[in-house]
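The residues making up each chain are set out below.
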Amino acid sequence: MRKQALPLRSLAVALLGTVALGQAAVAREPAGFSQAEWAQDYAAPAGLQVQRSLTPILSPQTIASTEQMVEKYREIVARGGWRPVTGADRLRIGSRGPAVGTLRQRLAVSGDLDQGQGGSNTYDSYVAAGVKRFQARHGLSQTGAMSMATQQAMNVPADIRLRQLEVNVVRLRSYSGNLGNRFVITNIPAALVQTVENGQVVTLHAAGVGKIDRQSPIMNAKAVEINFNPTWTVPASIVKKDLIPKMQKDPNYLTENKIRIFTGETEISPASVNWNSDEGTRYRYRQDSGADFNSMGIVRINIPNPHGVFMHDTNSKGVYGDDFRFISSGCVRVQNVREYITWLLKDTPGWGRDQVEQAIESGKRIDARMTQPVPVYWTYITAWSTPDGLVQFRDDIYKRDGVNVPSTLSAPTPVASAEQVQTFEPGDEEN
């Protein structure tokens, strides 16, 4: 579609904004780099944009594409791989200097920038689009500007990326059987949930998964029931690890978070418990239902398994905009959970989107038993390729690849969230 010309006043405002952006960029320019000329075409090249793939990560197509990518990376390694990028972590559109030239060459080797765009020392729209494409392939926020995490990901050597692909081809092949017509994939290193139907991804959800010291398990299970507006009984492991230490620091913690204490069916006051002893481990703790404060948010998805973990909503939704989403105690938090559970309940009579919304808005505990349980696969795939030739890499967050992949996200890196991520949440249940 042809773009309409801006009215004169709007055009003037836009130009002033561009000048202001240029001035701000000059003020923040890292030492050793000068500001580039602004008389350039900064339109993002469409050819470098990453489109959402409808191909499930567990599919014959992904296996075949990843096998082809192994061969491609063998060729890259045979040609010497790529040079490390240094001093580029603060570069953005308008930056200029030798580090930009090195960055262009790095992007060209991995196919994120056309080989013919490798010579200039100016960070223009082509470099920004290439960086954005690289970030998309590595699960980083797609800003088009360099960051330390982006630079670190670029500096993982080509031979290690090759070995990572080889390890993950084996993992992908282990799922080459019939997974079902409708199923769910949770890819833990990518902190991502896919719903799959008839061989295509239907919905895609960012996720919050297990911390490094409280890992989400690799498992096959089935979603069988949806609990709307659930209460939450705190597992003994979290009482010991989290709840008691919090009460020692803040005697009002339980009351403020609407967590009640029971001995049998009798509720007792937090003030009657000696929190500096092991007395607190003798009681049962239950958090009231409530979207604003309950750690499970508005819904829990039951997937019976020997690890006692499940999937759920959260009251801290800002985390879904962060690069680092390894924040739970083993359970999986699901972004846009209403869409997810509507898809799960699709074949259960009486549970369309309207009924889902009514159950949520009622504020009451309502359980929906699924007519057809849906297979759920919690996987650990850190490298794969889609049929369009786009290769994806993620941090080996739990160190299971065995190829010493350096961490590029060694600590939480807030991008969209201004909220403090809760450390007291569902998961790590004990049987």
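Since the model is a prediction, treat every value here as computed from it, not as a measurement.

Points about the sheet that holds strand E8 (residues 259–263)
Sheet strands line up and pair through hydrogen bonds in the backbone, either parallel or antiparallel.
Stage number 1. The antiparallel open sheet is built from 4 strands, whose spatial order is E7-E10-E8-E9. Each end of this open sheet is capped by a strand with a single partner; those strands are strand E7 (232–233) and strand E9 (266–268).
Stage number 2. Here 4 bridges tie E8 to strand E10 (residues 284–287), and the two strands are oriented antiparallel to one another. When the bridges of E10 are listed, Ile 261 appears paired with Tyr 285.

Things to note about unusual backbone geometry
Stage number 1. The phi angle at Ala 191 is positive, at roughly 50 degrees, despite the residue not being glycine.
Stage number 2. Positive phi, normally seen in glycine, also occurs at Asn 198, with a value near 55 degrees.
Stage number 3. Mapped onto the elements of the fold, Asn 198 is located in the loop between strand E4 (192–197) and strand E5 (200–210).

Some words on helix H7 (residues 236–249)
Stage number 1. A rise of 1.5 Å per residue sets the reference length of H7, with its 14 residues, at 20 Å; its end C-alpha atoms lie 19 Å apart and thus fit the reference within 8%.
Stage number 2. Listing the buried residues of H7 in full gives Ser 237, Ile 238, Val 239, Asp 242, Leu 243, Ile 244 and Met 247.

Some remarks on the pattern of salt bridges
Stage number 1. Going through the model one piece at a time under the given rule, you end up with 18 salt bridges.
Stage number 2. Between Asp 112 and Arg 137 there is a salt bridge, with its nearest N and O atoms 2.7 Å apart. Here Arg 137 lies in helix H4 (residues 125–137) and Asp 112 lies in the loop between helix H3 (98–109) and H4, a separation of 25 residues in the sequence. Here the two residues Asp 112 and Arg 137 agree in accessibility, since each one is buried.
Stage number 3. Among the salt bridges present, the one from Asp 242 reaches Arg 214, with a minimum N-O distance of 2.9 Å.

Structural notes on the packing of aromatic side chains
The way to describe two aromatic rings as a pair is by their centre distance and the angle between their planes.
Stage number 1. By the definition in use, this model includes 7 aromatic pairs.
Stage number 2. Judged by centre distance (5.8 Å) and plane angle (80 degrees), the rings of Phe 183 and Tyr 377 are edge-to-face. One end of the pair, Phe 183, is in strand E3 (residues 182–187); the other, Tyr 377, is in strand E15 (residues 366–379), and 194 residues separate them in sequence.
Stage number 3. Given the relative accessible area of 6%, Phe 183 is considered buried.
Stage number 4. Their ring planes at 10 degrees and their centres at 5.2 Å tell us that Phe 228 and Trp 351 sit as a pair that is stacked. A residue pair is termed long-range when its members are at least 10 positions apart, and Phe 228 in strand E6 (residues 219–228) and Trp 351 in the loop between helix H9 (337–344) and helix H10 (353–362) qualify at 123 residues.

About the thresholds
Residues numbered from 1 in each chain as written. Predicted model: local features only at pLDDT ≥ 70, side-chain atom pairs only at ≥ 80, totals over all residues. Heavy atoms only, no water. Pairing = 2+ DSSP bridges. Helix = DSSP H or I, 4+ residues; strand = E, 2+ residues; numbered from the N terminus. Expected span 1.5 Å × (residues − 1). Buried < 20%, exposed > 50% of the residue type's maximum accessible area, 1.4 Å probe, protein only. Salt bridge = Lys/Arg side-chain N within 4 Å of Asp/Glu carboxyl O. Phe/Tyr/Trp six-rings, centres within 6.5 Å; stacked < 30°, edge-to-face > 60°.

Any link to function would need more than the numbers given here.
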